[in-house]
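Examining the three-dimensional arrangement
What follows is the residue order along each chain.
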Amino acid sequence: MKTSIATVSISGSFTEKLTAIQQAGFDGIEIFEQDFLASDFTPAEVGRMVRDHGLEITLFQPFRDFEGLPEPLRSRAFARAQRKFDLMAELGTDLVLVCSSTHPEALGGIDRAAADFRELGEIAAERGIRIGYEALCWGRHVNDHRDAWEIVRRADHPNVGLILDSFHTLGRKLDPDSIRRIPGDRIFFVQLADAPLIEMDLLYWSRHFRNMPGEGDLDVADFTRAVMATGYDGPLSLEIFNDQFRAGLPRLVARDGHRSLVALMDRVRRAEPSLSVDLPAFPAPAPVERVEFVEFATSVEDAGPLETLLAAAGFEKAGRHLSKQVALWRQGGVNLLVNAEPGGYAHSAWVTHGTGVSEIGLMVPDARAAFDRALALGAEPHVAPHAAQELDIPGIRGAGSNVIRLLDRQGELGRIWEVDFALDAPAPPGAGLAGVDHLGQTMAYDEMLSWSLFYTTLFTAQKAPMVDVVDPDGLVRSQAIQAGGLRITLNGAETRRTLAGQFLHETFGSSVQHLAFASDDIFATAAEMAARGFPFLRIGANYYDDVEARFGLDPDFTARLRAHHIMYDEDAGGQFLQFYSTALPGGFFLEIVQRRGDYAGYGAPNAPFRIAAQKRTLRPKGMPKA
Ligand SMILES: O=C(O)c1ccc(O)c(O)c1
Ligand SMILES: [Mg+2]
């Protein structure tokens, strides 16, 4: 299967776009005419540059407002087309996209449009050019791929075919199964884009909010299955109009685009095995079983506040690494590593970001399979030296500067604690923490789509709807992702003044800002931690008055919540209780939660009050803000 991407999808100069597209692994590009016009190269130079990058021009587009015009506009449209055919010959491409007309004087009529296309097809045939007709979903008379297909069918010319674009079909809620009835050899080209479901004008939605397949809410896989079922074997091409991507880093946007296409083709072949999808084999996504460990990078002189916090949370030193200065802190089923090694990856992470999470160890059904899948999807392997007797744990680079390690219970990897560590004693019960509930990763807002694509393509994962969290100094967007036993909240900061934004600034880049542990009895856990001197984040009295009224809570219960600084929430499935520590100097903090019943969220309604409380600890009463 050939992969392609439209030049509009990527930021930068024409040369920067080409380099990024080549490095990401695409086979071809669609030349968007605007990008060509804005460049200073001749058409022949552009054609040569594309080929020098090992790429092919899969499509020239768009040619607008062609069909259904009355004279003299009609003749002018044909003359205009001839000029573009000249240009295409110099570029070295044979396929042009004609999008359905939005011209105020365009006349309707399927046969009139078909006659225009047959005549254009004749001219194109003489010049070895093929014409693809695409229905824009806001086209004046043609805005449905079924009507565009009927025009192509009636034009009945071998040089005139159909172009499909998932946005125009799915954005208009047209049934993609209608595509299955079109002969595959009459489909000349296929463009793919996803988009978040937002009620708005179709044209505006399309020009500003498209995103990569899998990043939005449209069923692009269902659309692609219908396309593949026709026998279509041309390129699958990304055509993504997105304000954020236009301002993004070309290399990252291209990488995400390629990842999204490969993951999409993989989904298609797994959902409908009878389809022939030309893509190298690689392992299927699997759920994460659990977070096996979280490692902090620190140094001997800097580790104190972190270790004090862990001890107050009921953790105890329960072992040490055989060859490195890495301590294992344990309680219940939780393993935390404190790495103070004066060299290697953790050390450079500490030098760059300060004390913070550097690695996340995930237990999966098959670590090698998960690793191979990650590489097939363009993830970067993390290579770290290890001593001869130590485990070689497969690792990939994850969000921010974090490394994701993949473990399984097959063979030696399942014995990591016995092989790599000297263990002191059985894991202490501590304060009753049973496991990691979730990790909160903070990042710049425009990195969120990228990292959600990373997790959702690597593992079998679900995205919750994005929620807005109000910080006193700005808005933070929060996207929760669950892949089996791995729950992650991605928090995107738009300004530096939000708590999340300050953390990014302090730690020089995105990282885990908080770690949430699960307790089966949060009141007992809170009492035990209080006895150990846990630095509870104090929640204001106004909050408890409101939460009691809002949920009709028993005043005795509210009094217990208040006494332990526990916040409360409910959803249709159950109840949620949560409390927090104050933050370490860099901004990292802990959260303890208890889920009752099938509560599925993360206490989003409480987040504004938690953030306000955290800011109060940073900015004592009466002090003007910096
Ligand atoms: O927004 C547009 O005008 C436009 C142009 C060409 C396309 O292929 C398309 O899908 C949209
Ligand atoms: Mg299109």
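As the structure is a computational prediction, the values presented were derived from the model and not from experiment.

**So, the overall build of the protein chain**
When helices and strands are counted, the protein chain shows 21 helices and 25 strands. Taken over C-alpha atoms, the radius of gyration comes to 28 Å for the protein chain, in line with the 25 Å a tight globule of 626 residues would show. The principal-axis extents of the C-alpha atoms in the protein chain amount to approximately 85 × 60 × 50 Å. Counting across all 626 residues of the protein chain, residues that qualify as buried make up 57%. Once local pairs closer than 6 in sequence are excluded, the contacts in the protein chain between residues at least 24 apart make up 73%. Summed over all atoms, the accessible surface of the protein chain reaches about 25200 Å², with 52% contributed by carbon and sulfur. Computing the positive centroid from 62 side-chain charges and the negative centroid from 84, the protein chain places the two 2 Å apart.

**Some thoughts on empty space enclosed by the protein**
Tallying each qualifying case throughout the model produces two cavities of 30 Å³ or more. As a volume, the largest cavity reaches approximately 120 Å³. Elements supplying a minimum of two residues to the lining of the largest cavity: α13 (344-353), β13 (356-363), α17 (499-507) and β22 (511-519). Residues of the lining of the largest cavity, tallied by class, amount to seven nonpolar, eleven polar and no charged. Inspection of the lining of the largest cavity shows a minimum of three residues originating in each of domain 2 (290-423) and domain 3 (433-617). What lines the second largest cavity is simply Glu-134, Ala-135, Asn-143, Asp-144, His-145, Ile-163, Leu-164, Asp-165, His-168 and Thr-169. Residue assignment for the lining of the second largest cavity shows that the elements contributing at least two residues are β6 (160-165) and α7 (166-170).

**A closer look at the sheet that holds strand β9 (residues 290-297)**
Spatial ordering of the open sheet is given by β14-β15-β13-β9-β12-β11-β10-β16, a layout of eight strands whose pairing is mixed. Single-partner strands in this sheet number two, and they are β14 (395-397) and β16 (421-423). Adjacent strand axes in the sheet meet at a mean angle of 25° when their direction is disregarded. Two strands pair when backbone bridges link them, and β9 and β13 are joined in this way by seven bridges, in the antiparallel orientation. Across the sheet, residue Arg-290 finds its bridge partner in β13, namely Met-363. Helix α12 (residues 304-312) contacts β9, β10 (316-321), β11 (326-331) and β12 (334-339) of the sheet and is inclined by roughly 165° relative to β12. Sitting on the sheet, α13 is in contact with β9, β12, β13 and β15 (403-407), with an inclination near 65° to β9.

**Notes on the side chain of Thr-224**
Its place among the elements puts Thr-224 in helix α9 (residues 220-229). Residues in contact with Thr-224, not counting those within four places in the same chain, are Leu-192, Leu-236, Leu-264 and Val-268.

**Examining the UniProt feature "binding site: a divalent metal cation" (unreviewed entry) in the protein chain**
When the UniProt feature table is mapped onto this chain, "binding site: a divalent metal cation" (unreviewed entry) is found at Glu-134, Asp-165, Gln-191 and Glu-239. The greatest C-alpha distance among the annotated residues, which extend across 106 residues, is 12.9 Å, indicating that they converge on a single site. Among the annotated residues just listed, those that line the second largest cavity are Glu-134 and Asp-165. Tracing the chain through its elements places Glu-134 in strand β5 (residues 130-134).

**Points about the layout of surface pockets**
Counted as a void, the largest pocket has a volume near 870 Å³. Secondary structure elements with two or more residues in the lining of the largest pocket: α1 (14-24), α10 (243-246), α11 (250-271), α14 (367-376) and α16 (448-458). At eight residues, the largest contribution of residues to the lining of the largest pocket is made by α11. Its residues placed into classes, the lining of the largest pocket shows 16 nonpolar, ten polar and nine charged.

**Description of the coordination of the magnesium ion (ligand 2)**
Reference values for angles at a metal are 109.5 degrees in the four-donor tetrahedral case and 90 or 180 degrees in the six-donor octahedral case. Glu-134 (OE), Asp-165 (OD), Gln-191 (OE1) and Glu-239 (OE) make up the full set of protein donors to the magnesium ion (ligand 2), lying at 2.0 to 2.2 Å. One way to put it: the six donor atoms around the magnesium ion (ligand 2) meet at angles of 76 to 175°, and that makes the site octahedral.

**Thoughts on the site of ligand 1**
As a structural note, the neighbourhood of ligand 1 is formed by 14 residues, with Arg-64, Glu-134, His-168, Arg-207 and Glu-239 the closest of them. Within the side chain of Arg-64, one N or O atom sits 2.7 Å away from an oxygen atom of ligand 1. In the model, an oxygen atom of ligand 1 is placed 3.2 Å from a nitrogen or oxygen of the Gln-191 side chain. The protein chains hide 100% of the 290 Å² of surface that ligand 1 would expose on its own. Taken together, the residues of the shell around ligand 1 break down into five nonpolar, three polar and six charged.

**A word on the packing of helix α5 (residues 110-126) against helix α6 (residues 145-155)**
Where α5 meets α6, the closest approach of the two axes is 8 Å, and the angle between their N-to-C directions is 55°. Here α5 lies oblique to α6, going by the angle between them. Considering only the axes of α5 and α6, their crossing is right-handed. On the side of α5, the interface is formed by Ile-110, Asp-111, Ala-113, Ala-114, Phe-117 and Arg-118, while α6 contributes Glu-150, Ile-151, Arg-154 and Ala-155.

**A few points about the packing of aromatic side chains**
Following the criterion strictly, the structure yields 23 aromatic pairs and no others. A ring pair is formed by Phe-576 and Tyr-599, whose centres lie 4.6 Å apart and whose planes are at 10°; its orientation type is stacked. Taken as a pair, Phe-576 in strand β24 (residues 574-580) and Tyr-599 in the loop between β25 (589-597) and α21 (607-618) lie far apart in primary sequence, 23 residues in all. Taken together, Phe-63, Phe-66, Phe-78, Phe-117 and Tyr-133 form an aromatic cluster joined through their ring pairs. The ring centre of Phe-188 lies 4.9 Å from the NZ or CZ of Arg-130, which sits over that ring.

**Observations regarding the sheet that holds β5**
If you walk around this closed barrel you meet the eight strands as β1-β2-β3-β4-β5-β6-β7-β8, and the pairing is parallel. Going from strand to strand, the sheet's axes swing by 30° on average, the running direction of each strand aside. Two elements, strand β1 (residues 3-6) and strand β8 (residues 236-238), share three bridges in a ladder whose sense is parallel. What sits directly across from Ile-5, in β8, is Leu-238. Docked against the sheet, α5 engages β4 (95-99), β5 and β6, running at close to 150° with respect to β5.

**Considerations on the environment of Thr-457**
Tracing the chain through its elements places Thr-457 in helix α16. Look at Thr-457 and you get buried, because its relative accessible area is 8%. Put simply, Thr-457 and Arg-373 are 84 residues apart on the chain and 9.1 Å apart in space, counted from C-alpha to C-alpha. Once you skip the residues sitting within four places of it in the chain, Thr-457 turns out to touch Arg-259, Ala-263, Pro-285, Arg-373 and Leu-377. In terms of polar contacts, Thr-457 uses its side chain to reach the backbone carbonyl oxygen of Phe-454, at 3.3 Å.

**Describing the side chain of His-321**
Mapped onto the fold, His-321 is located in strand β10. For His-321, a relative accessible area of 9% gives the class buried.

Calculation criteria
Residues numbered from 1 in each chain as written. Chains lettered and ligands numbered in written order. Predicted model: local features only at pLDDT ≥ 70, side-chain atom pairs only at ≥ 80, totals over all residues. Heavy atoms only, no water. Helix = DSSP H or I, 4+ residues; strand = E, 2+ residues; numbered from the N terminus. Rg over C-alpha atoms; globule rule 2.2 N^0.38 Å. Buried < 20%, exposed > 50% of the residue type's maximum accessible area, 1.4 Å probe, protein only. Contact = heavy atoms within 4.5 Å. Areas by Shrake-Rupley, 256 points an atom, 1.4 Å probe, with all protein chains shown as cover. Lys, Arg positive; Asp, Glu negative; His and termini not counted. Charge placed at Lys NZ, Arg CZ, Asp CG, Glu CD. 1 Å grid on protein atoms, 1.4 Å probe; cavity = no way out; pocket = protein on both sides within 12 Å on 5 of 7 lines; lining within 4 Å. Points joined across faces, edges and corners; volume = space filled by probe spheres on them. Nonpolar A, V, L, I, M, F, W, Y, C, P; charged D, E, K, R; others polar. Domains from an automatic or database assignment. Pairing = 2+ DSSP bridges. Axes fitted to C-alpha atoms, helices over the stretch in contact; angles between N-to-C directions. UniProt positions renumbered as here; feature names shortened; annotations may be inferred. Donors = N, O, S within 2.8 Å, 3.2 Å for Na, K, Ca; no water. Tetrahedral: all angles 85-135°; square planar, octahedral: opposite > 155°, others 65-115°. Near = heavy atom within 4 Å. Polar contact = N/O pair within 3.5 Å; in protein donor to acceptor, adjacent residues only side chain to side chain. Parallel < 35°, antiparallel > 145°, perpendicular 65-115°, else oblique. Left-handed = near helix turned anticlockwise from the far one by under 90°. Phe/Tyr/Trp six-rings, centres within 6.5 Å; stacked < 30°, edge-to-face > 60°. Lys NZ or Arg CZ within 6 Å of the ring centre and 35° of its normal.

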